[in-house]
Amino acid sequence: RFQPPHPWQRKAIIERAIAEISLAEAKYLVEEDKVVQEVRELYSKLSLTKSELAAERKRKTIQENLKKELLSFNFDSSARIDAGRASLAAGKAVLKATELSSEAGTIQVRLAGLCGVSDASRIAPSGMTIRRVLDGDRLSASYLADMAMVYRADILESKARMAVASALLKEQRAAAIP
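From a predicted model like this one, the values you see are computed outputs, not experimental measurements.

Draft legend 1. Representation of the side chain of Thr49. Mapped onto the fold, Thr49 is located in helix α1 (residues 7-73). Sequence-distant contacts of Thr49, defined by excluding residues within four places in its chain, comprise Leu100, Glu103, Ala104 and Ile107.

So this is what it looks like as structure tokens:
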């Protein structure tokens, strides 16, 4: 014969199920935060790499122009030596630009994989930073602590674990009631 659970025990079982759902949601949020953080870091790295690439390309152009100017003087061997140094610096800039271009491509492919974009060339840094602006009077310590508690998934996960443990304890206590 089937014995229905005691009403308090049934209530404790339902509370435990709710707490376990909250825990699963909190774990999901933790993993989601990790992916978001990785995407932000990669995007920042891509932006920096693209900026360095542009600087190396400008450096190459400047060194090549310097070499042309030095060779146009035809004064003495020191101008030729300086032109050789400029040519060497331009070559180094080309090598560095190639490395940076390869690194940027790798980052773009990684970002495309994380974001589900099939064409990695569609991902390009805009150079724009987006910041959330708040009034100065709202930036009190209690407000910041409250926002940290609301938006930190690891804290939500800890709260959910506490709720599961509390629900299990209630369930055990209810099971002891005849």
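Draft legend 2. Examining the packing of α1 against helix α4 (residues 153-175) more closely. At their nearest, the axes of α1 and α4 sit 8 Å apart, and the two run at 165° to each other. Classified by the interaxial angle, the pair formed by α1 and α4 is roughly antiparallel. Considering the relative orientation of α1 and α4, their crossing is left-handed. The class makeup of the residues in the contact of α1 with α4 is 17 nonpolar, 2 polar and 10 charged.

Draft legend 3. How the structure looks around the pattern of salt bridges. What the rule picks out here adds up to 8 salt bridges. A salt bridge links Glu38 to Arg110; the shortest N-O distance between them is 2.3 Å. With Glu38 in helix α1 and Arg110 in helix α2 (residues 77-115), this residue pair connects regions lying 72 residues apart in the sequence. Among the residues examined, Glu38 registers a relative accessible area of 27% and is labelled partly exposed. Its salt-bridge partner being Asp82, residue Arg85 comes within 3.6 Å of it at the nearest N-O pair. With Arg85 and Asp82 both in helix α2, this residue pair falls 3 residues apart, about one helical turn. Residue Arg85 is classed as exposed on the basis of its relative accessible area of 56%.

Draft legend 4. Structural view of the packing of α1 against α2. Axis separation between α1 and α2 bottoms out at 7 Å; the angle between their running directions is 160°. By the angle between their directions, the pair α1 and α2 is classed as roughly antiparallel. In the packing of α1 onto α2, the handedness of the crossing is left-handed. Its residues placed into classes, the contact of α1 with α2 shows 22 nonpolar, 5 polar and 14 charged.

Draft legend 5. Structural detail: the nonpolar core. Residues Leu42, Leu46, Ala104, Ile107, Leu111, Ala112, Ala120 and Ile123 constitute the largest nonpolar core, which totals 8 residues. By residue number, the principal contributor to this core is α2, which donates 4 residues. Here Leu42 is in contact with Ile107, Arg110, Leu111 and Leu114, once residues within four sequence places are set aside. Ranked by size, the runner-up nonpolar core spans 5 residues in total, among them Leu23, Ala26, Ala160 and Val164.

Here is what the cut-offs are and how they apply
Residues numbered from 1 in each chain as written. Predicted model: local features only at pLDDT ≥ 70, side-chain atom pairs only at ≥ 80, totals over all residues. Heavy atoms only, no water. Helix = DSSP H or I, 4+ residues; strand = E, 2+ residues; numbered from the N terminus. Contact = heavy atoms within 4.5 Å. Axes fitted to C-alpha atoms, helices over the stretch in contact; angles between N-to-C directions. Parallel < 35°, antiparallel > 145°, perpendicular 65-115°, else oblique. Left-handed = near helix turned anticlockwise from the far one by under 90°. Nonpolar A, V, L, I, M, F, W, Y, C, P; charged D, E, K, R; others polar. Salt bridge = Lys/Arg side-chain N within 4 Å of Asp/Glu carboxyl O. Buried < 20%, exposed > 50% of the residue type's maximum accessible area, 1.4 Å probe, protein only. Core = buried A, V, L, I, M, F, W, Y, C linked by side-chain atoms within 4.5 Å.

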